[in-house]
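Observations on the three-dimensional arrangement
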Amino acid sequence: MKLGIVADDFTGATDIASMLVRGGLRTVQLIGVPGDTVPAEAADADAVVVALKSRTAPVDLAVAESLAALRWLRAAGAERFILKVCSTFDSTPAGNIGPVAEAMMDALSDEYGCMQTLVSPAFPENGRTVFRGHLFVGDALLSETGMRSHPLTPMTDANLVRVMQAQSRRPVGLLRHDTVAAGADAIRARLAALAAEGVAHVIADAIDNHALLLLAEGASALPLWVAGSGLALGLPALLAAQSGVQLDAQAAQLDALTGPAAVLAGSCSTATQGQVARWIAAGRPALKIDPAALARGEPVAAQALAWAIAQPQAPLVYATADAPTLAATQAALGVAEAGALVEQALAAIACGLVAHGVQRLVVAGGETSGAVVQALGVRALRIGAAICPGVPWTQAVRAAGQPPLQLALKSGNFGGPDFFAEALATQ
Ligand code: ADP
């Protein structure tokens with residue numbers, strides 16, 4: 001293994017894994033930190049992504065889990081590392097990006113002398129660009145999008161230097177677009193100059209894929225990147241050139257499955273709201289679960305499961321709500337409590353669906369996907385073809401005799417309005 005990635009949520013993990021297999025890198029995603037034995041499917045891979053659910057965990061827990069993942073990846077042979085974060089930089093002033101990045105830098109300071117990280121959440125194919133340190137989603141500043149009212153990590157400032165500095169102990173600086181455009185040598189020189197000034201975290205402008213390729217090359221000497229999946233675009237070719245990795249055009253092959261399918265949505269993002277509305281408008285079966293009923297202890301999950309398995313075509317079960325409804329629920333139940341109730345319900349429904357023969361499951365929401373995958377007991381995923389940028393089909397590595405299971409784990413903000421139907425139509 002050459003490349004070890006610690007991903008702060010499950011959809012983010014599949015997002016970067018998808019980017020790597022697209023470039024021909026044999027990539028396996030592990031759910032959580034494995035024990036001492038290297039899973040067979042990971043032993044043979046060029047890149048391993050350890051998917052954590054650490055984005056919104058308490059800081060100490062996020063740091064401890066990320067360090068455990070890093071230790072495991074190093075022991076398994078990884079030589080360079082990425083802390084995979086969301087392309088909308090989902091975090092709060094308490095963390096977890098800054099504290100986790102700094103703990104990983106400390107851990108890598110022995111062998112690698114890791115004094116600086118490149119911080120690049122840009123993902124231009126999905127409309128996330130960084131200009132003069134400010135993160136844009138499409139034409140809008142991050143802070144003027146639906147991310148303002150995210151249930152767990154509201155993003156009210158688009159200035160990433162400020163956002164990163166608020167959650168870091170070490171100085172944060174900027175690698176501006178004109179330097180990036182000047183090429184890999186200019187990037188290397190600027191990183192060195194910033195290092196001499198003591199800048200430990202370098203927010204990188206990137207407005208298109210070309211900039212990301214230049215950044216990957218210019219920052220290839222840094223052992224740790226803090227990045228969205230965009231920066232991984234150039235990695236397969238870089239690893240082939242620098243480390244002799246053999247790229248594999250068949251890296252994204254999964255089995256052809258034709259069994260029943262279902263969709264679960266626990267994301268309240270603007271994109272997911274649109275996807276749920278489109279599914280309902282198309283006359284497809286959809287059922288909303290009510291957090292207040294969950295809080296009252298009503299058998300919401302059991303009822304939803306019974307409804308879902310009775311549907312003649314793929315059903316959607318969703319908790320997705322608009323911002324005012326979400327705010328009212330959170331005020332009544334508490335942010336974390338409401339989130340946990342909904343996650344547990346959707347995870348229980350997922351388990352019930354799989355027990356009733358569902359073989360293909362689309363899940364919307366990063367935290368939601370984490371809850372579902374953990375409840376299903378999935379330990380590792382093979383990565384297949386992309387449904388849209390950032391969202392591939394994946395196939396669970398199952399014990400002998402278990403029926404096959406494929407999962408599409410969608411980060412809340414990803415996908416066009418017809419994503420759910422498109423996912424089910426993609427093999
Ligand atoms: P995204 O990828 O859009 O960030 P996540 O699944 O990561 O989606 O986060 C959404 C969070 O909101 C989850 O914890 C989920 O349980 C919670 N949630 C979903 N619907 C509701 C609702 N109607 N009321 C309160 N919380 C909700």
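What counts and what doesn't
- Residues numbered from 1 in each chain as written.
- Predicted model: local features only at pLDDT ≥ 70, side-chain atom pairs only at ≥ 80, totals over all residues.
- Heavy atoms only, no water.
- Helix = DSSP H or I, 4+ residues; strand = E, 2+ residues; numbered from the N terminus.
- Buried < 20%, exposed > 50% of the residue type's maximum accessible area, 1.4 Å probe, protein only.
- Contact = heavy atoms within 4.5 Å.
- Polar contact = N/O pair within 3.5 Å; in protein donor to acceptor, adjacent residues only side chain to side chain.
- Near = heavy atom within 4 Å.
- Domains from an automatic or database assignment.
- Pairing = 2+ DSSP bridges.

Things to note about the overall build of the protein chain
Scanning the protein chain from terminus to terminus reveals 17 helices and 18 strands. Dimensions of the protein chain, computed from the C-alpha atoms along their principal axes, are close to 65 × 45 × 35 Å. Scored against the burial criterion, the 427 residues of the protein chain give a buried share of 56%. Restricting the contact set of the protein chain to residue pairs at least 6 apart, pairs at least 24 apart contribute 75%.

Digging into the environment of Asp9
Relative to the elements of secondary structure, Asp9 occurs in the loop between strand 1 (3-7) and helix 1 (10-22). With relative accessibility at 2%, the residue Asp9 sits in the buried group. In sequence terms Asp9 and Lys53 are 44 residues apart; their C-alpha atoms lie 4.7 Å from each other. Those residues within four positions of Asp9 in sequence are excluded, and the remaining contacts are Leu52, Arg55, Gly366 and Glu367. Within the structure, the side chain of Asp9 is placed 3.1 Å from the side chain of Thr11, a separation counted as a polar contact.

A short note on the site of the ligand
For the ligand, the set of nearby residues contains 21 residues, the closest of which are His150, Ser267, Glu343, Glu367 and Thr368. Between the ligand and the protein, one listed contact pairs an oxygen atom with a side-chain N or O atom of His150 at 2.5 Å. In this structure, Glu367 approaches the ligand through a main-chain N or O atom, which is 2.7 Å from an oxygen atom. Looking at the shell around the ligand element by element, the count peaks at four residues for helix 15 (residues 335-355). Of the residues that make up the shell around the ligand, three or more belong to each of domain 1 (3-243) and domain 2 (261-424).

Observations concerning unusual backbone geometry
Look at the link from Gly95 to Asn96: it is a cis peptide, with omega at 10°. Turning to its location among the elements, Asn96 is positioned in the loop between strand 4 (80-84) and helix 4 (97-107). We note that Phe89 has phi near 55°; this positive angle belongs to a residue other than glycine. Inspection of the secondary structure assignment puts Phe89 in the loop between strand 4 and helix 4. Even without glycine at this site, Arg132 takes up a positive phi of about 50°. Here Arg132 shows up in the loop between strand 6 (128-131) and strand 7 (134-137). Judged by its relative accessible area of 44%, Arg132 falls in the partly exposed class.

Comments concerning the environment of Trp225
Along the chain, Trp225 falls in strand 11 (residues 224-227). Placed 23 residues apart in sequence, Trp225 and Val202 show a C-alpha to C-alpha distance of 9.7 Å. Look past the residues within four positions of Trp225 in its chain and what remains in contact with it is Arg80, Phe81, Ile82, Leu83, Leu118, Ala216, Ala219, Ser220, Leu231 and Leu235.

Describing the sheet that holds strand 8 (residues 140-141)
Pairing within the open sheet is antiparallel, and its three strands lie in the order 6-7-8. A strand with exactly one partner marks an edge of an open sheet, and here the two such strands are strand 6 and strand 8. As defined by bridge partners, strand 6 adjoins strand 7 across four bridges and the pair is classed as antiparallel. Residue pairing in the sheet places Val130 in a bridge with Leu135 of strand 7.

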